[in-house]
Amino acid sequence: MSDKMKIIFLGPSHPYRGGIATFSDRLAMECQQSGHAVELITFSLQYPSVLFPGKTQFADEPKPHDLSVRRMINSINPFSWFKTGRYIHSQKPDLVIVRYWIPFLAPALGTILRLTKSNKFTKVICIADNIHPHESRWGDRILTHYFNTPVDGYVLMSEEVKNDFLSLGFNQPYVVQPHPLFDQFGTRISQAEARKSLRMDPAKPVLLFFGLIRKYKGLDLLLEAMANERIRAAAVQLLVAGECYEDSEKYHSLIQRLNLSDRVRFINAFIPNDQVALYFSAADALVQPYRHASQSGVTPLAMHFDTPMIVTDVGGLKESVIHEKTGIVTHPTSDSIATGILRFFELQTLNNFKKNIENEKHKYSWSSFFNRLMELYERIQAKSIGLFLLLLFITSFAMGQPILRAEQIQLLKKKEDSLVQLGTQMIRSEDVATRFRSDSAFTRILVRALREKNSFYYPFESLSTISRIYPMDSSFRIFTWQVSKDEDTHRRHGAIQMRTSDGSLQLFPLIDRSIIIENQADTITNNEWWIGAIYYGIVERMVNSQKVYTLLGYDEYSIRSTRKIIEVLSFKNGKPVFGGDYFSFKNDSVPQSNRSRFWIEYKKNGNGRVIYDKELDMIIYDHLISETNEPAKKYTYIPDGDYEGFRWDNGKWVHINKVFDQKLEDGKAPVERPLNEKKIPPKKSGG
């Protein structure tokens, strides 16, 4: 590993508030202090306002000194994902550090990482706060699997997160490293001064519940514990400080019903960074009465301020507390929490909790966390180099000679550089004539490059403006791309390159005849009569001892609508055939004849999805309805939340009208957001 690396952080950072953003900013500062070049790429929109339960997503504090922050990602706008992915791809960072804590963001982050990784250079390490979210939702498992695919390694924040990671069958290298201490919130002030400022009785004990309030955090259990007669007799006060992400009225009502108004101070607000020290300085102990947890960003805050903790024995909470030494571990019931509180105050005069915490804090430094992350990066690098050398050795040995000579690689790299430039002009130029001239030159240079012997083994990894897909057997690869005249006129191009035993070129150009093929659903075509699409997925199957390849494609069909196409490719006498008797509707309540290919058409930017799900072994797509109740107008169609699909059965893709009415294995769930779809970026009209 070089002394100086280029590192990009992907996820929440300034101006977003909260523990994850604060963590990213602090770790980025540690990276910079270690001599690395750092850039943070965060959201232009993280959560739509209708999905965000708090008052604001943004911090009041200024940006941390000397950090480069770029706001690019709109969590619900795929165009921003492609733009961000292409940007990171072009920057070729050594390492992308991405945060994962909620499956809602998996489509955006997973897509960005796929585009990034196509540069065949950048490594991705995920810092996982959670693998399973605190509040589970429909489709979490599938979305997490989608996010996982481009990740090279994980920093897991607790043993609980590690167990969740392993339960999903993920096999990337990982380290378990607890949350470092938040050390940017100042130092303790006197307890008396803090309590006076917060209007708490300085003569009575104070417990603190701190952070965003959600059901799983068990504030109601703590309030019930506060009503315990033993706690009342001890005159314990409770300070609740944090913004409520659910209806706060239920807690106010509970406080009234339990007659706690004189002993509970409820501050329903997000606590700014410059006030955090005030709350921890006022408290004798922090209480985390969680019903379930992976780990908590509040824990390192408490440790920074030497505040003992009373935690429930759920998830990773107990991993940071040495029972009856740095705090108390209890069960997630109100009676047990009450007993734990009383035990804490019983030991407080006998046990120097604060001194014990000071002795443990060295384990949670930012430098230790960063060093562990770099150790993981070096493991990933070593693994990649080892695999590359092994594959190169095996392939060269099998062929009896090197696949590509050094001078061939140099020649192909020069052609690739020209293709990258032309491909960018072909897609992004504002002048239509330039786009078409670039397309023609791109095609000529690509064909010349492919004529080089054994060119099949050259990956053209920098060509981010075109699609390149391979089947599992690597018997061929398909290039597809498009050039646009305007928003309504698109010319698609493609070619199938076969892998040959002697390294010679066998190439089938794909000639788009979509506009003159009338009955597209039933017409069997070949490469010279191709129904154009940009392919983003491929699934292998066997029919009568012969392989067929199901292609998933995207088509910017018209100015008003988009299509996703499912196309079956086979080879007859060594030549490509598109279509055939592969799509059956025999199980539908209304009988339909078989089709040669299948597509969905929907409103432009309507977010229709067609994906292959490995776990379910099905092609799944959105059920569409007309948003204006005009079924004849496909450009009015949008997803309605249901899913249809196809399952392979006896040589055909058999239609399933309602996918998730089928009996699923435990843990299976439907798709919530677009998964593995690579959409060509929008073109600028002009000329």
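Residues numbered from 1 in each chain as written. Predicted model: local features only at pLDDT ≥ 70, side-chain atom pairs only at ≥ 80, totals over all residues. Heavy atoms only, no water.

Scanning the protein chain from N- to C-terminus turns up 16 helices and 28 strands. In the protein chain, which comprises 687 residues, the proportion classed as buried is 56%. Contacts in the protein chain between residues at least 24 apart in sequence constitute 68% of all its contacts with a sequence separation of at least 6. For the protein chain, the exposed surface amounts to about 30,000 Å²; the carbon and sulfur share of it is 50%. (Helix = DSSP H or I, 4+ residues; strand = E, 2+ residues; numbered from the N terminus. Buried < 20%, exposed > 50% of the residue type's maximum accessible area, 1.4 Å probe, protein only. Contact = heavy atoms within 4.5 Å. Areas by Shrake-Rupley, 256 points an atom, 1.4 Å probe, with all protein chains shown as cover.)

Moving on, we come to the packing of helix α2 (residues 78-91) against helix α3 (residues 106-117). When two helices pack together, their arrangement is captured by the angle between the axes and the distance separating the axes. Interaxial distance between α2 and α3 falls to 8 Å at its minimum, and their mutual angle equals 35 degrees. Remark: the crossing between α2 and α3 carries right-handed chirality. Packed against α2, whose contacting residues are Trp 81, Phe 82, Thr 84, Gly 85, Arg 86, Ile 88 and His 89, the element α3 presents Pro 107, Ala 108, Thr 111, Ile 112, Leu 115 and Thr 116 at the interface. Residue composition of the contact of α2 with α3, grouped by class: seven nonpolar, five polar and one charged. (Axes fitted to C-alpha atoms, helices over the stretch in contact; angles between N-to-C directions. Left-handed = near helix turned anticlockwise from the far one by under 90°. Nonpolar A, V, L, I, M, F, W, Y, C, P; charged D, E, K, R; others polar.)

A word on the nonpolar core. Ranked by internal contacts, the top residues of the largest apolar core, which has 61 residues, are Phe 210, Tyr 279, Phe 280 and Leu 373. When residues in this core are grouped by element, the largest group, eight residues, is from helix α14 (residues 366-399). Excluding anything up to four places from it in sequence, Phe 280 contacts Arg 188, Leu 208, Phe 210, Leu 286, Val 298, Leu 301, Ala 302, Phe 305 and Thr 307. Formed by 38 residues, the second largest nonpolar core is a distinct cluster that contains Tyr 16, Ile 73, Trp 81 and Leu 105. (Core = buried A, V, L, I, M, F, W, Y, C linked by side-chain atoms within 4.5 Å.)

A separate point is a nonpolar patch on the surface. Together, Ile 515, Ile 516 and Trp 529 line one region of the surface with nonpolar side chains, adding up to about 370 Å² of accessible area. Among the secondary structure elements, Ile 515 is positioned in the loop between β17 (507-511) and β18 (525-526). (Patch = residues over 30% accessible without salt bridge, like charges linked within 9 Å, V, L, I, M, F, W, Y side chains within 5 Å. Salt bridge = Lys/Arg side-chain N within 4 Å of Asp/Glu carboxyl O.)

With that out of the way, let us pick up the sheet that holds strand β26 (residues 618-626). Pairing is mixed across the open sheet formed by five strands, whose spatial order is β23-β28-β27-β26-β25. Two strands close off the open sheet at either side, each with one partner strand: β23 (583-584) and β25 (610-613). Here β23 runs beside strand β28 (residues 652-656); their pairing, made up of two bridges, is parallel. Considered in β28, the bridge of Ser 584 is made with Val 654. (Pairing = 2+ DSSP bridges.)

The next thing to look at is the pattern of salt bridges. Taken as a whole and assessed by the stated rule, the structure comprises 27 salt bridges. Put simply, Arg 70 and Glu 39 hold a salt bridge, and the shortest N to O gap is 2.8 Å. With Arg 70 in strand β3 (residues 69-74) and Glu 39 in strand β2 (residues 37-45), the pair connects residues that are 31 residues apart, well separated along the chain. Among the ionic pairs, Lys 658 bridges to Asp 642, the shortest N-O distance being 2.6 Å. Residue Lys 658 is found in the segment after β28, and its partner Asp 642 is found in strand β27 (residues 637-649); the two are separated by 16 residues along the sequence.

Note that Ser 475 resides in the loop between β14 (467-469) and β15 (476-486). A distance of 3.4 Å separates a polar atom in the side chain of Ser 475 from a polar atom in the side chain of Tyr 549. Apart from residues lying up to four places away in sequence, Ser 475 is in contact with Phe 456, Met 498, Arg 499 and Tyr 549. (Polar contact = N/O pair within 3.5 Å; in protein donor to acceptor, adjacent residues only side chain to side chain.)

At a minimum axis distance of 8 Å, the contact between α3 and helix α4 (residues 140-148) shows a crossing angle of 20 degrees. Taken together, the axes of α3 and α4 lie roughly parallel to each other. Crossing of α3 over α4 shows left-handed handedness. Only Leu 143, Tyr 146 and Phe 147 of α4 make contact with α3, whose side of the interface consists of Ala 106, Pro 107, Leu 109, Gly 110, Thr 111, Leu 113 and Arg 114. A per-class count over the contact of α3 with α4 returns seven nonpolar, two polar and one charged. (Parallel < 35°, antiparallel > 145°, perpendicular 65-115°, else oblique.)

Once that is clear, we can look at helix α16 (residues 432-450). Look at α16: 27 Å from first C-alpha to last across 19 residues, which is about the 27 Å you get at 1.5 Å a residue. Along α16, the residues classified as buried are Val 432, Arg 435, Phe 436, Ser 438, Asp 439, Ala 441, Phe 442, Ile 445, Leu 446, Ala 449 and Leu 450. On its buried face, α16 sits against α15 (406-428), β15, β16 (489-498) and β17. (Expected span 1.5 Å × (residues − 1).)

A few words on unusual backbone geometry. Residue Pro 15 is reached from His 14 by a cis peptide bond, and omega for that bond is 15 degrees. Mapping Pro 15 onto the fold places it in the loop between β1 (6-10) and α1 (19-33). The phi torsion at Arg 199 lies on the positive side, around 60 degrees, for a residue other than glycine. Inspection of the secondary structure assignment puts Arg 199 in the loop between α6 (191-197) and β8 (206-210). Even without a glycine there, the phi angle at Asp 306 is positive, about 60 degrees. Tracing the backbone shows Asp 306 in the loop between α11 (298-304) and β12 (309-312).

Moving on, we get to the packing of aromatic side chains. For the structure shown, the criterion picks out 29 aromatic pairs. By way of ring pairs, the aromatic residues Phe 583, Phe 585, Phe 598, Tyr 621 and Phe 646 are connected into one cluster. Positioned above the aromatic ring of Phe 23, the side-chain terminus of Arg 99 is 4.1 Å from the ring centre. The ring of Phe 456 is capped by Arg 477, whose NZ or CZ atom sits 5.4 Å from the centre of that ring. (Phe/Tyr/Trp six-rings, centres within 6.5 Å; stacked < 30°, edge-to-face > 60°. Lys NZ or Arg CZ within 6 Å of the ring centre and 35° of its normal.)

The next thing to look at is the sheet that holds strand β13 (residues 327-330). The six strands lie next to each other as β10-β9-β8-β11-β12-β13, forming an open sheet whose pairing is parallel. Because the sheet does not close on itself, it has two edges, and the strands there are β10 (264-267) and β13. On average, adjacent strands in this sheet sit at an angle of 20 degrees to one another, irrespective of strand direction. As defined by bridge partners, strand β11 (residues 285-288) adjoins β12 across three bridges and the pair is classed as parallel. In the strand pairing of β12, Val 287 is matched with Ile 310. Taken strand by strand, helix α12 (residues 334-348) contacts β8, β11, β12 and β13, and its axis lies near 160 degrees from that of β13.

That is the geometry; function is a separate question.
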